[in-house]
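As a plain string of letters, each chain reads:
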Amino acid sequence: MTRRAWVRLDNASNIFLAARNDIDPKVFRISAELDHEVDPGLLQQALDATYERYRLYHAVLRRGVFWHYLQDSDLRPCVTLEDQHTCAPIYRPDRRELLFRVMHHRRRIILELFHALSDGTGALWFLSDMVEAYVRLRHPRQVPGPGQVPAQNDDPSDAPAAGGPGSASAGNPHTEDLVQTVHELTTDSFTHYFRRRRRQEPAGADADAGARRPAPVPADRPRNPRRKPRTKVYRVTGTRTPDNRPRTVELTMPADQALQLARAEGVSLTMYLTAVFFESIRLSSPGLGRARTLVASVPVNLRQFFPSTSPRNFFAIVRVAHTYDETTPDAADPGPVSRELERRFRPKATPEALEKSLRRLIRFERMPVLRIVPRPVKDVLLRLINWISNRRLTVAVSNLGRVTLPEPADSHVRRMLFHVSAVRPQFCAMSHAGLLTISFTSPFTQTDHIREFARTLTSRGVDVTVAAAQVTEDELKESRR
Amino acid sequence: MRHCSACGVDVEGPWTRCPLCATALTGQAAPGPFPVVPLRFSRRRVLRMLALASIAVVLVSFAVQLLFGRDPAGIGVLRSVILGVGSMWLVVLMAVGTRRNVAKGTVYLVVLTGLVCVYWDYLTGWHGWSLAYAVPIVCACSVIALAVTVRVMRIEVGEHILYSALTVVLGLVPLVFLALDWVRSPLPSAICGALSCVVLALFLLARGPEMRHELAKRLHL
């Protein structure tokens, strides 16, 4: 008699289920570009080996009366050639299917996930283990046996630039006891850290977080939650793509050139890029009009403050805003904007501030009255909440930070990329092998904001390479010629 | 790699114009990282709207029946035709909707046919045939049918157990009719009730732990 393991879906994941729609199926992808064409047979072997160790990835999503839950399955994943657009829908209700897919195209190994399963950092662990297994199979000679693998460096050195709270460290927590670690279907880390009222900090978290925060928040900082921007929030509009695929454009550049720009302003790379994004949106808009406030949502990886080896969703969203006044110059100048964003972001991204807001959120979620609301009603409520919060957002930004893979994979992987399905213009960044990739996704065909973004960087001496997927009928026709 | 002089960027892939600003590119094309994926259109939305609209039409046509008298001389045949076609369509939509879960589909079918029969009986002057015959027969058949189906299709216990249990519980409902003396010919209800009691007893003996596990999972608060 098989009695399958199951676990209730965590706090953050419920919103992904409620908020997914035709435009934004809540799928993200991380891909690694190798120095050779990918061998599908070896990749399948590598996938099989990695899949064995990640029980979470065996899960299918089921619907209970009050909550969704993840249930173990006997399904096997199969490597396929990339034949769909980026971040195509994965989860279909009532079908017992895996919540991720692995594909390859030319030199790229691609991992796509439904966001309810895992977040960027969790997915990065899986991808890095899979790529490592693949490279070992591909180059059996130069393998330092398991166990001799150099431990992952967490790179606190490039804070505040890439290691800031806006980014995830690629630090794979299980590299040391490599091969043996199995990621079980465990309780999510939200419940672990924020459900009970325990004041003592997790061991090491405090010191760790302290080391990473270059500028501790002054205790007397005036914290006024009512200090919200008075003007309306600007929202980007445009022409929808014909079959709801995201408009995807990847910008690749040397990471140190971008870092230098951020360092010159004394801000983190994430905040600098966000400022460039705000400027691009402003310059590509027909004029901000009355809506002069731009708001970005920035996910913060909570594992850096609250250590966790669970690959399930464990992040919080921080919002940063900037209000333009009438006298803003015509040319892009991300400097002052980035300094203001940094000033506003820092206090919100401290472990204390995050813990406070998450505890409130979880207390709300665990309210007895809400718990007995049937799931379909909960979904409607969450959709409503999501709709309201979307109305107060201009763009979204996500930075996975600098990634180092375990050898021998690291030296065979060039750039790594991070895409996400988007209901509004968005970019996802990550850097590997000295190359920073910024992948823009948007539900609209227009690329004006990406043009301004690229030009802002190139005019400051950054070498930018553009790769874009064909989206409109004309573009597809031309590419086939 | 091709180059856009206006943006100052290099462009990968087969683009002849800059994907950002549409300026003509110079230089040799380099292979791009994306496959060319043809446009795909989904009719899911359209189909869902059509299904919802047809359900609304059926329900309205059912409700309209209340406006006509119970006298069979009025719209007798026409009424039966409308109710028959309407309920057939509801059953079809329901079967399509639950096609991936036969056990769930069976429970829905029992509830749907039961309700339609009672309503039909009510509209045609309440002769009691629905409670005396239709409901017990449908319930008893569903209990047996599902027990056979899950074996033939080798459906995993966890997948069907709650629905199997639900059909059994629905099979006990005719006993309530008997107790309240709503039925003139008690035999079908008695048979259905007895069958359900036997199956229920077997169920609790053989599948009790699985039932509790599934219930704990689905009713988790």
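Rules and cut-offs
Residues numbered from 1 in each chain as written. Chains lettered and ligands numbered in written order. Predicted model: local features only at pLDDT ≥ 70, side-chain atom pairs only at ≥ 80, totals over all residues. Heavy atoms only, no water. UniProt positions renumbered as here; feature names shortened; annotations may be inferred. Helix = DSSP H or I, 4+ residues; strand = E, 2+ residues; numbered from the N terminus. Pairing = 2+ DSSP bridges. Axes fitted to C-alpha atoms, helices over the stretch in contact; angles between N-to-C directions. Domains from an automatic or database assignment. Contact = heavy atoms within 4.5 Å. Buried area = accessible area lost by both parts, 1.4 Å probe. Salt bridge = Lys/Arg side-chain N within 4 Å of Asp/Glu carboxyl O. Polar contact = N/O pair within 3.5 Å; in protein donor to acceptor, adjacent residues only side chain to side chain. Nonpolar A, V, L, I, M, F, W, Y, C, P; charged D, E, K, R; others polar.

- The name recorded for chain B in an unreviewed UniProt entry is Zinc ribbon domain-containing protein, from Sediminivirga luteola.

- Within an unreviewed UniProt entry, the label attached to chain A reads Alcohol acetyltransferase, and the organism entered is Sediminivirga luteola.

A few points about the UniProt feature "transmembrane region" (unreviewed entry) in chain B
Residue and element names in this part refer to chain B.
Phase 1 of the analysis: The UniProt entry lists residues 49-68, 74-93, 105-123, 129-149, 161-180 and 186-206 under the feature "transmembrane region" (unreviewed entry), expressed in the numbering used here.
Phase 2 of the analysis: Secondary structure content for residues 49-68 is 80% helix and 0% strand, and the end C-alpha separation is 30 Å.
Phase 3 of the analysis: For the annotated span residues 161-180, helix accounts for 95% and strand for 0% of the residues, and the straight-line distance between the end C-alpha atoms is 30 Å.

Section: the sheet that holds strand β3 (residues 60-63) of chain A
Residue and element names in this part refer to chain A.
Phase 1 of the analysis: What the three strands build is an open sheet, ordered β1-β4-β3; its pairing is antiparallel. Unpaired on one side and paired on the other, β1 (6-8) and β3 mark the two borders of the sheet. Here the average twist between neighbouring strands, direction ignored, is 30°.
Phase 2 of the analysis: Strand direction decides the pairing type here: β3 and strand β4 (residues 68-71), joined by four bridges, are antiparallel. Bridging across to β4, Arg62 finds its partner in Tyr69.

A closer look at the domain arrangement of chain A
Residues and elements named next belong to chain A.
Phase 1 of the analysis: When the domains of chain A are assigned, the result is domain 1 (6-156) and domain 2 (191-198 + 228-480).
Phase 2 of the analysis: One C-alpha centre belongs to domain 1, the other to domain 2, and the line joining them spans 22 Å.
Phase 3 of the analysis: The interface is formed by 62 residues belonging to domain 1 together with 55 residues belonging to domain 2.
Phase 4 of the analysis: Regarding the contact of domain 1 and domain 2, the summed buried area is about 5,100 Å², with carbon and sulfur atoms giving 57% of it.
Phase 5 of the analysis: Linking Glu33 and Arg415 is a salt bridge whose minimum nitrogen-to-oxygen distance equals 2.8 Å.
Phase 6 of the analysis: Summed over the shared surface of domain 1 and domain 2, the number is 21 residue pairs in polar contact (both at pLDDT 80 or more).
Phase 7 of the analysis: Every element with two or more residues in the side of domain 1 that touches domain 2 is listed here: β1, α1 (11-19), β2 (27-34), β4 and α3 (120-138).
Phase 8 of the analysis: Its residues assigned to classes, the side of domain 1 that touches domain 2 comprises 30 nonpolar, 18 polar and 14 charged.

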